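# Coordinate analysis (summary)
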Amino acid sequence: MNRHYCKLPTVNLADTTTLLYPESPTLTLDSPASIFMTDFIKIHPVVIDRKTNVIDALTLMKQAYVRSLLVTDLAGSGFSGIVTATDINGGKVLAYMAENDIHARDEVLVEHVMIDRNHIHGLNYEKVESSSIGDILETIKHLNEQHVLVVDHLLTSFSVRGLFSTTNIAKALHIKFDVEPQARTFFELEQVILHHRL
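All of these numbers come straight from a predicted model, not from anything done at the bench. (Residues numbered from 1 in each chain as written. Predicted model: local features only at pLDDT ≥ 70, side-chain atom pairs only at ≥ 80, totals over all residues. Heavy atoms only, no water.)

## Quick look at the layout of surface pockets
Of the voids in this model, the second largest pocket is the one considered here, and its volume is about 380 Å³. Lining the second largest pocket we find 18 residues, and of these Thr-38, Val-66, Ser-68, Leu-163 and Asn-168 sit closest to its centre. Listed by contribution, the elements that provide at least two residues to the lining of the second largest pocket are strand E3 (68-72), strand E8 (157-165) and helix H7 (166-173). Tallying contributions element by element places E3 first for the lining of the second largest pocket, with 3 residues. Per-class residue counts for the lining of the second largest pocket are 10 nonpolar, 7 polar and 1 charged. (1 Å grid on protein atoms, 1.4 Å probe; cavity = no way out; pocket = protein on both sides within 12 Å on 5 of 7 lines; lining within 4 Å. Points joined across faces, edges and corners; volume = space filled by probe spheres on them. Helix = DSSP H or I, 4+ residues; strand = E, 2+ residues; numbered from the N terminus. Nonpolar A, V, L, I, M, F, W, Y, C, P; charged D, E, K, R; others polar.)

Listed below in structure tokens is the structure:
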């Protein structure tokens, strides 16, 4: 089918002196939590295959200006977990290299240092919709996480719908809010102990 396109008329901007800006709502701890959530229905998530090496994963984080990546399986559709900049820059990579007699960082894969979905607690989107960001921060403080995933119940299973980042929330509210990720496995517990001994 042939569609004919036409050139639009233009206007001269000589008398244009102002700009229009969207209204900026005043954000407080009582603001709706959904305002602060990165919603994957509106924003495409940054994902990486679990077989990617950690150097490439870190490069992707820098290019995308994010500090975490959702990890997928080989097919690229199944959710496997999450990997953070802390996982890659912390002691996990070096510990895995020492434990497995590996000498190059690019031999360490995302799946070796990521947080498996079995060790992740998420929030239900239905609860998020009726919550304030203060509720979310209180939950994050309790979980001791830097990133908290949000899941949506579709048909018979849950799908990852979005994500809360403590960094983004702190910037939006102009507050200081730091958490130290907790150990989920014995391996991670060892790393926390070693880190505090240094």
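## Notes on the packing of helix H6 (residues 133-143) against H7
Contact geometry of H6 with H7 gives a least axis separation of 12 Å together with a crossing angle of 140°. Here H6 is positioned oblique relative to H7, judged by the angle of their axes. Taken as a pair, H6 and H7 cross one another with a handedness that is left-handed. Packed against H6, whose contacting residues are Ile-133, Leu-137 and Ile-140, the element H7 presents Thr-166, Ile-169 and Leu-173 at the interface. Of the residues that constitute the contact of H6 with H7, the class distribution is 5 nonpolar, 1 polar and no charged. (Axes fitted to C-alpha atoms, helices over the stretch in contact; angles between N-to-C directions. Parallel < 35°, antiparallel > 145°, perpendicular 65-115°, else oblique. Left-handed = near helix turned anticlockwise from the far one by under 90°. Contact = heavy atoms within 4.5 Å.)

## As for the sheet that holds strand E2 (residues 47-49)
In spatial order, the strands read E2-E3-E4-E5; together these 4 strands make up an open sheet with mixed pairing. Of all the strands in the sheet, the pair left with one neighbour each is E2 and strand E5 (115-116). Sitting on the sheet, helix H1 (residues 54-64) is in contact with E2, E3 and strand E4 (79-84), with an inclination near 130° to E3. (Pairing = 2+ DSSP bridges.)

## So, the pairing of strand E7 (residues 147-154)
The buried fraction of E7 is high, at 6 of 8 residues. Note: strand E6 (residues 123-124) against E7, 2 bridges, orientation parallel. Bridging from a neighbouring strand, Asn-124 pairs with Val-151 of E7. Across 8 bridges, E7 lies against E8 in antiparallel orientation. Its bridge partner lying in E8, Val-151 is registered against Val-160. (Buried < 20%, exposed > 50% of the residue type's maximum accessible area, 1.4 Å probe, protein only.)

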